[in-house]
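Fold and contact review
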Amino acid sequence: MNSTGPAANDGLHLLPFRGLRYDAHRVGSLAAVTSPPYDVVVRPDGLHHLESADPHNIVRLILPQAATNGARHRQAAQTLDSWLAEGILAPDPEPALYVYEQRKGDLLQRGLIGALELSAPAEGVVLPHEDVMPHVVEDRAALMRTTTANLEPLLLTYRGNGTATGATAVMERTALRAPLLATTTEDGFSHRLWAVTDPSDIAEIADDLAHHQALIADGHHRWATYLRLREEHPEPGPWNYGLVLLVDTARYPLQVRAIHRLLNRLPVTDALTALDHHFRIRTLEDGTPLPTAMEALASAAAEGNAFLLTGGDGRFHLIDRPDPGLVARTVPADRPESWRTLDATVLHATLLDHIWNIPDTPEHIAYIHDTEATVTQAARRGGTAVLMHPVREDVVRDLARQGVTMPRKSTSFGPKPATGLVLRSLTLD
């Protein structure tokens, strides 16, 4: 195995499970009951849109709405129990690994959904690349604990040899058959799912994955949640595994996008005033479209740290060329140069912590994947949208192999699996 993790390991162990899936005859459509991952749903607009799409939309489980956290989690558990009793969701007849395909235009992604044996980062089997926020882990742990279910798969990547061998060969053979389900979501992605139950196919997959390590592409908080719940259930059993989607990026490369910041309580005029003499500030021409502004950000980011600020009023402010002395004083020096020069590192250490003095709490900072939604929310809240440029995948993987985590919410790998196509109940394992 090509692992540079700090401890030896024997690779990835992905087990079949009895997936919980929607009965297509009992819902309006499979597309109408799916959702993006919980942390990608824009609140409140996106949440309300999904809730109104279908009374059984999965968002009612992953983002239940109630007055208190405890009430929310109990409501999700009651909803899940109700849907199971009514046959809205039903377990598949036998354990399976699932081949999952997403397609849009020329983009094709395939991967394997299964129950992955959990491992700590020090074991070098599953590599995180971002820090996590404790309050989010606590919330996800309470939700999983109360529902006794993994409601959505994490996105993990591994690097095969780029050919149709091993697990990839099984996936591509399987994709020639008729799928269990096929649907197209409103974002234009088509989704197909197949069950792999043949023992020889499962053995071929197991033999291949035993030679690989994985990078967490999306789902750091849920992986940390899995590990916390495993500590609470140390005996061998279902809590030693977590629901994941594994994608071979040598065969099916992922896209890497940025996650933007919304500073809820900092008006953009105040943000810019505080940056004077510390960064170069260039205000783009009035009426510059958002895509054009993002292109200007990409050009500036090719030469060093750069960010795009807006209050959502149609004016964009490009900030770059930070004062080197200020960066040297504010960015920790005990990390690799590739970490110290990350946009997210400079944003958090130099801008948020030092210049703006903004605590990293939900009241002050929202993390939003969608660029346009970030700008819209900035206008609505009178805050500042800080738009980011994405990090290259090879930088992410290299830092992860060194055991160095990036600032939380530094990257957004995609396409992300749709939530709601297959769930895992820990009571069925």
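In this text the structure is predicted, and so the values were computed from the model without any measurement.

Remarks on the packing of aromatic side chains
What characterises a pair of aromatic rings is the spacing of the ring centres plus the angle enclosed by the ring planes. All told, the structure shown has three aromatic pairs when counted by the stated rule. Centroid distance Tyr 22 to Trp 83: 6.2 Å. Interplanar angle 50°. Geometry classified as tilted. Here Trp 83 lies in helix H4 (residues 69–86) and Tyr 22 lies in strand S2 (residues 19–22), a separation of 61 residues in the sequence. The two residues Tyr 22 and Trp 83 agree in class, both being buried. The side chain of Arg 335 reaches across the aromatic face of Trp 339, ending 4.5 Å from its centre.

Structural notes on unusual backbone geometry
Here the bond from Gly 414 into Pro 415 is cis, since omega is 5°, no more than 30 degrees from zero. Along the chain, the position of Pro 415 falls in the loop between strand S20 (412–414) and strand S21 (423–425). The phi dihedral of Arg 321 is positive, around 50°, even though this residue is not glycine. Owing to a relative accessible area of 54%, Arg 321 belongs among the exposed residues under this scheme.

Regarding the pattern of salt bridges
Per the counting criterion, the structure on display carries 24 salt bridges. Here Arg 228 makes a salt bridge to Glu 138, at a shortest N to O gap of 2.4 Å. A residue pair is termed long-range when its members are at least 10 positions apart, and Arg 228 in helix H8 (residues 220–232) and Glu 138 in helix H5 (residues 134–147) qualify at 90 residues. We note a salt bridge from Glu 393 to Arg 397, for which the minimum N-O separation is 3.0 Å. One end of the pair is Glu 393 and the other is Arg 397, both in helix H15 (residues 393–401) and four residues apart, which spans about a single turn.

Quick word on the sheet that holds strand S15 (residues 280–283)
With antiparallel pairing, the six strands of this open sheet are ordered in space as S15-S17-S16-S19-S14-S18. Edge positions in the sheet fall to S15 and strand S18 (365–368), since each has one partner strand and no second. Strand-to-strand twist in this sheet, taken as the mean axis angle between neighbours without regard to direction, amounts to 25°.

Topic: the environment of Asp 270
Mapping Asp 270 onto the fold places it in helix H9 (residues 268–275). C-alpha separation for the pair Asp 270 and Val 256, spaced 14 residues apart in sequence, amounts to 31 Å.

Describing the packing of H5 against H8
In a pair of packed helices, the angle between the axes and the distance between the axes together describe the arrangement. Here H5 crosses H8 at 60°, and the two axes come no closer than 9 Å. Classed by the angle they form, the pair H5 and H8 counts as oblique. Judged by the sense of rotation from one axis to the other, the crossing of H5 with H8 is right-handed. Where H5 approaches H8, its residues Val 136, Val 137, Glu 138, Arg 140, Ala 141, Met 144 and Arg 145 are matched on the opposing element by His 221, Arg 222, Ala 224, Thr 225, Tyr 226, Arg 228, Leu 229 and Glu 232. Per-class residue counts for the contact of H5 with H8 are seven nonpolar, two polar and six charged.

Regarding the nonpolar core
Ranked by size, the top nonpolar core spans 117 residues in total, and within it Trp 223, Leu 309 and Trp 356 carry the most contacts. With seven residues, helix H13 (residues 343–355) is the largest single contributor of residues to this core. In this view, Trp 223 contacts Leu 116, Glu 117, Leu 118, Ser 119, Val 126, Leu 154, Ile 216 and Val 244; residues no more than four positions away in its chain are not counted. Among the nonpolar cores identified, the runner-up in size contains 18 residues, and Leu 297, Leu 308, Ile 368 and Val 375 belong to it.

A word on the pairing of S2
What you see with S2 is no split at all: Gly 19 and Arg 21 on one side and Leu 20 and Tyr 22 on the other are buried throughout. When S2 meets S21, the two strands line up antiparallel, connected through two bridges. Considered in S21, the bridge of Gly 19 is made with Arg 424. Bridging between S2 and strand S3 (residues 89–91) involves three bridges; their strand directions are antiparallel. Looking at the pairing, Tyr 22 lines up with Leu 89 of S3.

Remarks on helix H2 (residues 45–53)
Regarding H2, the residues found buried are Leu 47, Leu 50 and Glu 51. All buried residues of H2 fall inside an arc of 100° around its axis, so they share one side. Looking at the buried side of H2, the elements it contacts are helix H3 (59–62).

Looking at H4
When the terminal C-alpha atoms of H4 are compared, their 26 Å separation across 18 residues agrees well with the 26 Å that a helix rising 1.5 Å per residue should span. All buried positions along H4 are accounted for by Arg 72, His 73, Ala 76, Ala 77, Thr 79, Leu 80 and Trp 83. An end-on view of H4 places all buried positions within 160° of arc, on one side of the element. Opposite its buried face, H4 presents the exposed residues Gln 78 and Ala 85, each directed more than 90 degrees away.

Focus: the confidence of the model for the chain
Per-residue pLDDT for the chain averages 94, and the proportion of residues at 70 or more is 98%. In the model, residues 1–8 has pLDDT below 50 throughout and makes 22 contacts with residues more than four positions away in sequence or in other chains.

What about the packing of H4 against H5?
Where H4 contacts H5, the two axes come as close as 8 Å, and the packing angle between them is 35°. As H4 packs across H5, the resulting crossing turns out to be right-handed. Contact residues: Arg 72, His 73, Arg 74, Ala 76, Ala 77 and Leu 80 in H4; Asp 139, Ala 142, Leu 143, Thr 146 and Thr 147 in H5. Split into classes, the residues belonging to the contact of H4 with H5 amount to five nonpolar, three polar and three charged.

Focus on the sheet that holds S2
The four strands are arranged S3-S2-S21-S7 in an open sheet whose pairing can be described as antiparallel. Whereas interior strands pair on both sides, the edge strands pair on one side only; in this sheet they are S3 and strand S7 (149–150). Taken together, the two bridges between S7 and S21 define a ladder with antiparallel strand orientation. Across the sheet, residue Ala 149 finds its bridge partner in S21, namely Ser 425.

What counts and what doesn't
- Residues numbered from 1 in each chain as written.
- Predicted model: local features only at pLDDT ≥ 70, side-chain atom pairs only at ≥ 80, totals over all residues.
- Heavy atoms only, no water.
- Phe/Tyr/Trp six-rings, centres within 6.5 Å; stacked < 30°, edge-to-face > 60°.
- Helix = DSSP H or I, 4+ residues; strand = E, 2+ residues; numbered from the N terminus.
- Buried < 20%, exposed > 50% of the residue type's maximum accessible area, 1.4 Å probe, protein only.
- Lys NZ or Arg CZ within 6 Å of the ring centre and 35° of its normal.
- Salt bridge = Lys/Arg side-chain N within 4 Å of Asp/Glu carboxyl O.
- Pairing = 2+ DSSP bridges.
- Axes fitted to C-alpha atoms, helices over the stretch in contact; angles between N-to-C directions.
- Parallel < 35°, antiparallel > 145°, perpendicular 65-115°, else oblique.
- Left-handed = near helix turned anticlockwise from the far one by under 90°.
- Contact = heavy atoms within 4.5 Å.
- Nonpolar A, V, L, I, M, F, W, Y, C, P; charged D, E, K, R; others polar.
- Core = buried A, V, L, I, M, F, W, Y, C linked by side-chain atoms within 4.5 Å.
- Arc of directions from axis to C-beta.
- Expected span 1.5 Å × (residues − 1).
- pLDDT = per-residue confidence, 0-100.

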